[in-house]
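Overview (structure and organization)
Chain by chain, the residues:
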Amino acid sequence: MTDHNPALENLLTETRSFPPSAEFAAQANSTPELYEQAKADRLEFWADQARRFLTWDKPFSEVLDFSDAPKARWFGDGTLNATYNAVDRHVEAGNGDRVAILFEGEPGDTREITYADLQREVSQAANAIEALGVTTGDRVAIYLPMIPEAVIAMLACARIGATHSVVFGGFSAEALYSRIIDADAKLVITADGGYRRGKPSSLKPAVDEALTKGTTTVTNVLVVRRTGQDVAWTDGRDIWWHEALEAASAEHTPVPVEAEHPLFILYTSGTTGKPKGILHTTGGYLTQAAYTTYYTFDLKPESDVYWCTADVGWVTGHSYVTYGPLINGATQVIYEGTPDTPHKGRWWEIVAKHKVTILYTAPTAIRTCMKWGEDVPAEFDLSTLRVLGSVGEPINPEAWMWYRRVIGGDRTPVVDTWWQTETGAIMISPLPGVTAAKPGSAQTALPGIEVEIWDDAGKAVGPGGGGYLVINEPWPSMLRGIWGDEERFKETYWSRFPGTYFAGDGAKFDDDGDVWLLGRVDDVMNVSGHRLSTTEIESALVSHEWVAEAAVVGAKDDTTGQAVVAFVILRGEALEAAEAEGGDKVVGALRAHVAGEIGPIAKPRSILVVAELPKTRSGKIMRRLLRDVAENREVGDVTTLADSTVMDSISAGMAGGGD
Ligand code: WTA
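Note on numbering: residues in each chain are counted from 1, in written sequence order. In view of the model being predicted, local features appear only for residues whose pLDDT reaches at least 70, and side-chain atom pairs are presented and counted only at 80 or more, with totals across whole chains, interfaces and linings using the full set of residues. As a rule here, side-chain values come from all non-hydrogen atoms in the structure, and water together with hydrogens is ignored.

**Examining the packing of aromatic side chains**
Note the following rule: Note on aromatic contacts: the rings of Phe and Tyr and the six-membered ring of Trp form a pair at centre separations within 6.5 Å, being stacked when their planes are under 30 degrees apart, edge-to-face when over 60 apart, and tilted otherwise. Strands here are runs of E lasting at least two residues and helices are runs of H or I lasting at least four, both read from the DSSP assignment and numbered beginning at the N terminus. Burial classes: relative accessible area under 20% of the type maximum marks a residue as buried, over 50% as exposed, and values in between as partly exposed (1.4 Å probe, protein chains only). A ring is considered to have a charge above it if a Lys NZ or an Arg CZ atom is located within 6 Å of its centre and within 35 degrees of its normal.
Enumeration according to the criterion identifies 37 aromatic pairs in this entry. Both rings, one in Trp-46 and one in Tyr-291, keep their centres 4.9 Å apart while their planes meet at 70°; by these two values the pair is edge-to-face. Taken together, the residues Trp-46 in helix 4 (residues 42-53) and Tyr-291 in helix 11 (residues 283-296) connect sequence positions 245 residues apart. By the burial criterion, Trp-46 is buried, and Tyr-291 matches it. On the basis of an interplanar angle of 85° and a centroid distance of 5.1 Å, the ring pair of Tyr-320 and Trp-419 is categorised as edge-to-face. Taken as a pair, Tyr-320 in helix 12 (residues 315-327) and Trp-419 in the loop between strand 20 (414-417) and strand 21 (451-454) lie far apart in primary sequence, 99 residues in all. Take Tyr-320: its relative accessible area is 0%, and that puts it in the buried class. Residue class for Trp-419 comes out buried when judged on its relative accessible area of 8%. Chaining the aromatic ring pairs together yields one cluster made of Phe-45, Trp-46, Phe-53, Tyr-291, Tyr-294 and Tyr-295. The ring of Phe-171 carries the charged tip of Arg-179 above its face, separated from the ring centre by 4.6 Å.

**Side note on the sheet that holds strand 20**
For sheets, the rule is that strands pair by backbone hydrogen bonds, running either parallel or antiparallel. Applied cut-off: For two strands to count as paired, DSSP must find a minimum of two bridges between them. The convention used is that axes are lines fitted to C-alpha atoms, helices contributing only their stretch in contact, and that angles between N-to-C directions extend from 0 to 180 degrees.
Taken together, the 7 strands give an open sheet; going across it, the order is 5-4-17-16-18-19-20, and neighbouring strands pair in mixed fashion. In the strand order of this sheet, the two ends are held by strand 5 (110-114) and strand 20, each with one partner. Taken over all neighbouring pairs, the strand axes of this sheet differ in orientation by 20° on average, direction set aside. Note: strand 4 (residues 99-104) against strand 5, 5 bridges, orientation antiparallel. Among the inter-strand pairings, Leu-102 is bridged to a residue of strand 5, identified as Glu-112.

**Describing the site of the ligand**
Note the threshold: Nearness is defined per residue: one heavy atom within 4 Å of the molecule or strand is enough. Pairs of N or O atoms are called polar contacts if they sit within 3.5 Å, as long as, within protein, a hydrogen donor faces a hydrogen acceptor (for residues adjacent in sequence, only side-chain-to-side-chain pairs). All accessible-area figures derive from a Shrake-Rupley calculation using a 1.4 Å probe, and residue coverage is judged against the displayed protein chains alone.
Among the 17 residues in the neighbourhood of the ligand, the closest are listed as Asp-416, Thr-417, Thr-421, Asp-505 and Arg-531. One of the side-chain nitrogen or oxygen atoms of Asp-416 is found 2.8 Å away from a nitrogen atom of the ligand. Between an oxygen atom of the ligand and a side-chain N or O atom of Asn-526, the distance comes to 3.4 Å. Notes on the ligand: free accessible area 530 Å², of which the protein chains cover 97%. Those elements that place two or more of their residues in the shell around the ligand are helix 12, strand 20 and strand 25 (515-520).

**Looking at the packing of helix 11 against helix 12**
Keep this limit in mind: Angles are sorted into four bins: roughly parallel if under 35 degrees, roughly antiparallel if over 145, roughly perpendicular if 65 to 115, and oblique for all others. Pairs of residues are marked as contacts when any of their non-hydrogen atoms sit within 4.5 Å. Residues are grouped as follows: nonpolar covers Ala, Val, Leu, Ile, Met, Phe, Trp, Tyr, Cys and Pro; charged covers Asp, Glu, Lys and Arg; every other residue, Gly included, is treated as polar.
Axis separation between helix 11 and helix 12 bottoms out at 8 Å; the angle between their running directions is 85°. Here helix 11 lies roughly perpendicular to helix 12, going by the angle between them. Residues Tyr-285, Leu-286, Ala-289, Ala-290, Thr-292 and Thr-293 of helix 11 touch helix 12, and the partners they reach there are His-318, Ser-319, Tyr-320, Tyr-323, Gly-324, Pro-325 and Ile-327. Residues of the contact of helix 11 with helix 12, tallied by class, amount to 8 nonpolar, 5 polar and no charged.

**Description of the pairing of strand 15 (residues 276-281)**
Regular strands place side chains that alternate from one sheet face to the opposite one. For strand 15, a buried count of 6 out of 6 residues is recorded, marking the element as mostly surrounded by other parts of the structure. Sheet analysis places strand 14 (residues 262-268) next to strand 15, joined by 6 bridges and oriented antiparallel. The residue of strand 15 that forms the bridge with Pro-262 is Thr-281. Two elements, strand 15 and strand 23 (residues 481-482), share 2 bridges in a ladder whose sense is antiparallel. Bridging from a neighbouring strand, Leu-279 pairs with Gly-481 of strand 23.

**As for a negative patch on the surface**
Rules: Like charges are joined within 9 Å and nonpolar side chains (Val, Leu, Ile, Met, Phe, Trp, Tyr) within 5 Å, but only among residues with over 30% relative accessible area and no salt bridge; these make up the patches. Salt bridge, as applied in this entry: a Lys or Arg side-chain nitrogen positioned within 4 Å of an Asp or Glu carboxyl oxygen. Charged residues are defined here as Lys and Arg on the positive side and Asp and Glu on the negative side; His and the ends of the chain fall outside this count. Taken as the charge centre is NZ of Lys, CZ of Arg, CG of Asp or CD of Glu, depending on the residue.
Residues Glu-545, Glu-573, Glu-576 and Glu-579 make up a contiguous surface patch of negative charge. In this structure, Glu-576 sits in helix 19 (residues 572-581). Relative accessible area serves as the criterion here: at 57%, Glu-576 is assigned to the exposed category.

This is the structure we're talking about:
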C-alpha cells in the first residue's frame, strides 16, 4: 500500500456549509424520506427504482441473488432492452419531438437530434451492423471522437444485444489492439478523424495499424465521415457509416435481453500493466444510472438542459452521457472539442447559448478555468445554471468554492460525486435540495448504498476516523466481473477484506460523519480525472530499447491533480548517446514512446535519468521516496533501503532540473 495524499489530510477542518435554499428544496426531486425508504427495505427500494425508471419486457420477480458472491444477479429473471428504454419509449410516449442531443462540433457546426431522429438513426445503425453479421452476444469496439455517432453506435449495439467496448479516441493503436484482442471484437466503429484544438486529428490510421499488429477477430470496420480527410481503405473490410445507414431500414425491433446480459465492457487501469475489462450488465446498471441522474442532478427532463462534459471513452460518458440522461428522456449538450478552442470562454459560450441548467465536469477542468481567470466566464450569461456536479478526483475546497461562486453565481448546489468505473454509477454524493453541502467532501452514501471506512484490521471506524473505503452491500450497477479473468476480479476487489468490496481509495470521516476521499491507496494514479497505472507506464518505458529500468509515480499537480513523473535507468549505449546529444533528446523520445504505447494522456510530465532506483533489500522499488523527490519534499525515512545513499544522488539530479 502506498500512502494517502497528504495534501488532503488537513482539509478536515472545513466548517463552511451551504444548506439548500427554500426555493430549491421545495422543487427538488430528492427528499429526506428517500434515505428512510431505502433504510426500511433496501432491496425493495431498489426494486421500486428498477420498476420506476425502466420499462421491462418481462417484469422481474427476483431482486438480488448474491449466492454466487462476489458475482451478483440483480432483477435476474426480468428482460428488457437498454435502447428501447433510452429512446423508443420516449417516442411512444409522445416526446419524439423533444431534443435529445444538442451537438456542438469544435469548428462550430451544430446538430439538433430529437428522440424521433435518434430512434431512426439508431435503428438504421442497428440494421447496418446486423447486416455485417454482428448479433446478440458479440462484442463491438467503438473508437470515435465525441460526436453524436458515438452515442448512436453504443445504442445500436445495445439495441441488438451486442456488447460494446468503447476505447477512448486518445488511446494509441497499441492500446486499441490489446482491447480488441481481449474482448474478441468482431466489428470496429471509428471515424476518419475528429476536431481537436482547431485542427482535424486522425483516428482511422490507428485502427488500420491496430489491425495489422496481429490476427484479430475483426471482420469489418465501419467508418464515420467526420473531417473528410483522406483515409486508407481496405476493400471488403472497411465500410462508410453513412452509406451503410442509408442502405438500412429505419425500422428495427429492439432485442429484449436478460437483466444480466453484458451491456458493455470498459477497460480501466489497475495496479498491474494489463488494463482490466470491467463488465457491466443491463438491468441493474441502467437502474442505478437512471436513478442517480434523476436525484443527484435534480434532473427535470421536460425543462432542463443537461451537460456532462465527459468523453464517452470513460465511464462518466457511459453513465452520464449515454444511459443516465437518455433513460430519463433529458435534453443534453454534447461538445466535441477542448474548452479553449477557439477561445477560453468556449464552454461558457455553450452554456449561455443553450441555456444549460445542469453542468457535470471534473475538478481538473475547474482548476484550469480558475487559472484562466474569472473574467472569462464573466463575459457570458450563466444564470440558467442551477446544479453543478464534480467527478473524477477529490475536489479541493478552493476549486469547489470557485465553481459555486463564479460559475454557479453563489446560488447553485454543488454535488461532489464519488464513484468508479467498477461501481458503474454514483455512490457517494450530497443530494441537492436535501444535503447542506460542504466544500471538498462527497459527504454521504446515496440512499440504497452502504459504505464504511475500515482500518487495516478490517474494523469499521467512526466519525473522525480514517482508513479504506469499502462498500459493504451489493448495489445494482456493481461490476459483474473482469472480462475473461474471474480470479483477478476476486483478487482485486474482494480479497483485501474477504467478502467486502475494496474500492482502492483512502477515506476519512470528519466529526459530522461526512466522507472525505483522500485518493488512491494503490499504484493507480489520477491525472486530470483519468486513471493511469504506474506499472502500465513503467512497462511502456522499459519496452523501449534504451531503458533498463523505470519507476513511475504520481506527483501532486495544481491543475491535473496528479502528474506522471518517471525515473529511468538507461542502458549503456543510450546513456552514452544521451551524454553526447544532451538528455533532452532521449527524454523527448521516451515521452513520445509512452504516448505511442498507451496514449498522449500517459506521457510523463518529467523524466529523470538516474543511475539507480531506491529499492528495499528485497528489491521492491520505494515509490514513496520518489514521490517525495517529485513533490519537492524532504525525502522520508530511508532506513529500509538497501543503499541509503541512492536518494541523495536522485534528489541532487532533480534539484539540477534533471528533465
Ligand atoms: C477517483 C470515474 C474523490 C477515485 C467516475 C476513484 C474521486 C477513481 C471522485 C475512479 C470524487 C472519482 N472524489 N475521488 N468525487 N470521483 N474519484 O474509474 O480515486 O475513472 O477510485 O471513475 O477516481 O476513477 P474512474
